[in-house]
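These are the residues of each chain, in order.
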Amino acid sequence: MSKMMSEEMKANLAMIEERKDFIVCNKEDKDKKIKCDAHSAAGAVSQRACVYCGARVVLNPITDAVHLVHGPIGCASYTFDIRGSLSSGSEEYRNSYSTDLREHDIIFGGERKLTAAIDEIVEAKKPKLIFVYSTCVVGVIGDDLKAVCKAAEEKYGIRIIPVESSGFVGSKSAGYKAAGDAILKILELDGNKKEEKYGINFLGDFNLAGEMWIIKSYLEHIGVDVVSHFSGDSDYEKIKNAPNAIMNVVQCAGSMTSLAKKMEDKYEIPFTKVSFFGLEDIRVSLRSIAYSLGDFDMITKVEEFVKVKEKETDEKLEYYRKRLAGKKVAIYVGGGFKAISLIKQFRDLGITPVMVGSQTGRPEEYDTIRKLADEDTVILDDANPSELEKFMREKGADILVGGVKERPLAYKLGVAFVDHNHARKHPLAGYEGCINFAKEVDLTVNSPVWGIIKGERHGVEHELSGSIRSLDLEEQVIANEK
């Protein structure tokens, strides 16, 4: 009876009524549209982060900017040095500053404290650019962030940009838009416009473990000029050149599509979405850039480059394909566009995706995911840990790919894990990244530890079943005596 109750409780935890529209099975729900891009269901313990977090993770890699968090100290510490982004210049972005609002400030307002903090930073650091982030409590008490920043800009003659990111007003996606609006303010007032446009802007790469440097080397090899890139390894001066580009190339669609659309309206710069994760998407992306720029020599260089690099990479991947064939993977990442790339990349390694989800996926991205996924694949948006556990067990996943929040869950279930989030220290983009990714998947999924864990669990289950049988015998003896 207790076992039955336990299973029933698990089922209730795994499927909150309001969450049903956010989950589909390809085979059973062919005509059902997955609900997404909406507020998290109350009580679902969503994996999504707050608006402030979304804004901070996008802007944080701008290397020479000072990031001032107007709020309690916990908000600043949560996002301190949060990305594995590398810099070829300033290291200022690795620091985090806070007004450290206390009870007194919340009652009487924190504007004076914010003004004093800006004064102190300007005197000590003499920066060209300061981002000032609002947090939940600032939205509640009503501090006028814009007025304080405007007054400070006039006083010091530097850019001090308010980032409207009070955490309770939406999800991480709203933070992405707030970050894009902050970048747009730089372009509107400070853009270094030239008469003749050239090259591309690369939007949505954060130079995790030097990935932007890898991609830039590919682009330079085929003859593409990179005017600016943000926010990985970017700085104030580089960003100001963005209006001069012919085209925007968007890698992280979730964080940068909104900005790309606004730049298209304002500066008439068209954009295309790319992904440099996995052999297929690297090939498609390089071709897309070359064809969009309409350069015949560039197109020829792309074909030659891809042919050589794919041959070299394929030879190294063959070893891992043999070791990984037949495994099953559960995918749960930040953006839907990244999930699409991962489906292809795992298929190339002989691994079958059995569950695919994202935190900020869009309707068109889920449509593509459903076309790529098998009929019995579970697809879910904004999952909670209970759902992830339920479907990973149900589908027999051997490995989970996700972010740092999902790592403990995978290990508790005895499932291998690969970190594809912002904290990693090795590149997963480009041809080098394809090999690193396959190597990491192999190391974790074929680790001897899983056999040991399964053996221990089998032993515990055996002991428990023996104890239950003993208990049953004792109960029969007592009943007979009565």
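Throughout this document, residue positions are counted from 1 along each chain, in the order its sequence is written. Thresholds applied to this predicted model are a pLDDT of at least 70 for local features of residues and 80 or more for the giving and counting of side-chain atom pairs; totals over whole chains, interfaces and linings are not thresholded and use all residues. By convention in this description, side-chain values take in all heavy atoms of the structure and omit both hydrogens and water.

1. Quick notes on the packing of aromatic side chains
Part 1: Here a pair means two rings of Phe, Tyr or Trp (six-membered ring of Trp) with centres within 6.5 Å. Their orientation is stacked below 30 degrees between planes, edge-to-face above 60, and tilted elsewhere. One pass over the structure, following the stated rule, counts nine aromatic pairs.
Part 2: Here Y411 and W450 contribute two aromatic rings whose centre-to-centre distance is 6.2 Å and whose plane-to-plane angle is 35 degrees, an arrangement assigned as tilted. Separated by 39 residues along the polypeptide, Y411 in helix α17 (residues 407-412) and W450 in helix α19 (residues 449-481) bring together distant segments of the chain.
Part 3: The residue whose ring lies beneath R56 is Y133, and the NZ or CZ to ring-centre distance is 5.6 Å.
Part 4: Our definition puts a charge over a ring when NZ of Lys or CZ of Arg is within 6 Å of the ring centre and also within 35 degrees of the ring normal. Sitting above the plane of the Y267 ring, K266 keeps its charged end 6.0 Å from the centroid. In this description a helix means any DSSP run of H or I spanning at least four residues, a strand means any run of E spanning at least two, and both kinds are numbered starting from the N terminus.

2. Notes on the sheet that holds strand β2 (residues 66-70)
Part 1: If you walk across this open sheet you meet the four strands as β3-β2-β4-β5, and the pairing is parallel. At either margin of the open sheet sits one strand with a lone partner, and together these are β3 (97-98) and β5 (159-163).
Part 2: Note that strand β4 (residues 129-134) and β5 share five bridges and pair parallel. Across the sheet, the residue bridging to Y133 is V163, located in β5.
Part 3: Whether two residues touch is decided by their heavy atoms; if any such pair falls within 4.5 Å, the residues are in contact. Here, axes are lines fitted to C-alpha atoms. For helices the fit covers the stretch in contact, and angles between N-to-C directions go from 0 to 180 degrees. Across the sheet, helix α5 (residues 111-125) touches β2, β3, β4 and β5, and the angle it forms with β2 is around 165 degrees.
Part 4: Packed on one face of the sheet, helix α8 (residues 172-190) meets β4 and β5 and runs near 150 degrees to β5. Paired strands, as defined in this entry, are two strands with at least two bridges between them according to DSSP.

3. So, helix α14 (residues 336-348)
Part 1: For a helix, the expected span equals 1.5 Å multiplied by the residue count minus one. The first and last C-alpha atoms of α14 sit 19 Å apart over 13 residues, in line with the 18 Å expected at 1.5 Å per residue.
Part 2: Within the span of α14, buried status applies to G336, A339, I340, S341, L342, I343, Q345 and F346.
Part 3: Turning to α14, the residues buried within the fold contact α12 (279-293), β10 (328-333), β11 (352-358), α15 (363-372), β13 (399-402) and α18 (430-445).
Part 4: G350 lies just past α14 and shows a positive phi near 85 degrees. Throughout this description, buried means an accessible area under 20% of the type-specific maximum (1.4 Å probe, protein chains only), exposed means over 50%, and partly exposed covers the range between.

4. Some words on the packing of α12 against α18
Part 1: Contact geometry of α12 with α18 gives a least axis separation of 10 Å together with a crossing angle of 170 degrees. Overall, the two elements α12 and α18 adopt an arrangement that is roughly antiparallel. Contacts between α12 and α18 pair L279, I282 and L286 from the former with G430, Y431 and C434 from the latter.
Part 2: A breakdown of the residues in the contact of α12 with α18 according to their chemical character gives five nonpolar, one polar and no charged. Angles below 35 degrees are treated as roughly parallel, those above 145 as roughly antiparallel, those between 65 and 115 as roughly perpendicular, and all remaining angles as oblique. The nonpolar class holds Ala, Val, Leu, Ile, Met, Phe, Trp, Tyr, Cys and Pro. Asp, Glu, Lys and Arg form the charged class, and all remaining residues, Gly among them, are polar.

5. Regarding the confidence of the model for the protein
Parts of the prediction with low pLDDT should not have their coordinates interpreted in detail.
Part 1: Averaged over the protein, the pLDDT score is 87; the fraction of residues at 70 or greater is 88%.
Part 2: Residue range residues 1-13 is modelled with pLDDT below 50. Its contacts to residues more than four positions away, or to other chains, number three contacts.
Part 3: Each residue carries a pLDDT score, the predictor's confidence in it, ranging from 0 to 100. Under a pLDDT of 50 for its full length, residues 467-471 has, in the predicted model, zero contacts with residues more than four places off or in other chains.

6. As for the environment of S134
Part 1: By the secondary structure assignment, S134 is in strand β4.
Part 2: Exposure remark for S134: the relative accessible area of 2% places this residue in the buried category.
Part 3: Taking C-alpha positions, S134 is 10.0 Å from C75, a pair spaced 59 residues apart along the chain.
Part 4: Discounting chain neighbours no more than four positions away, the residues touching S134 are Y52, H70, L145, V163, E164, S165 and S166.
Part 5: Polar contacts, as counted here, are pairs of nitrogen or oxygen atoms within 3.5 Å of one another; within protein the pair requires one atom able to donate a hydrogen and one able to accept it, and residues that are adjacent in sequence qualify only if both atoms are side-chain atoms. For S134, the side chain forms a polar contact with the main-chain nitrogen of S165, separated by 2.8 Å.
Part 6: At a separation of 3.3 Å, a polar atom in the side chain of S134 contacts the main-chain amide nitrogen of S166.

7. Things to note about the sheet that holds strand β6 (residues 200-203)
Part 1: Spatially, β7-β6-β8-β9 is the arrangement adopted by the four strands of the open sheet, whose pairing is parallel. Two strands lie at the open edges of the sheet, namely β7 (226-230) and β9 (271-273), each paired on one side alone. The sheet shows a mean angle of 20 degrees between the axes of neighbouring strands, taken without regard to direction.
Part 2: Here β6 runs beside strand β8 (residues 247-250); their pairing, made up of four bridges, is parallel. Looking across to β8, one finds that F202 is bridged to V249.

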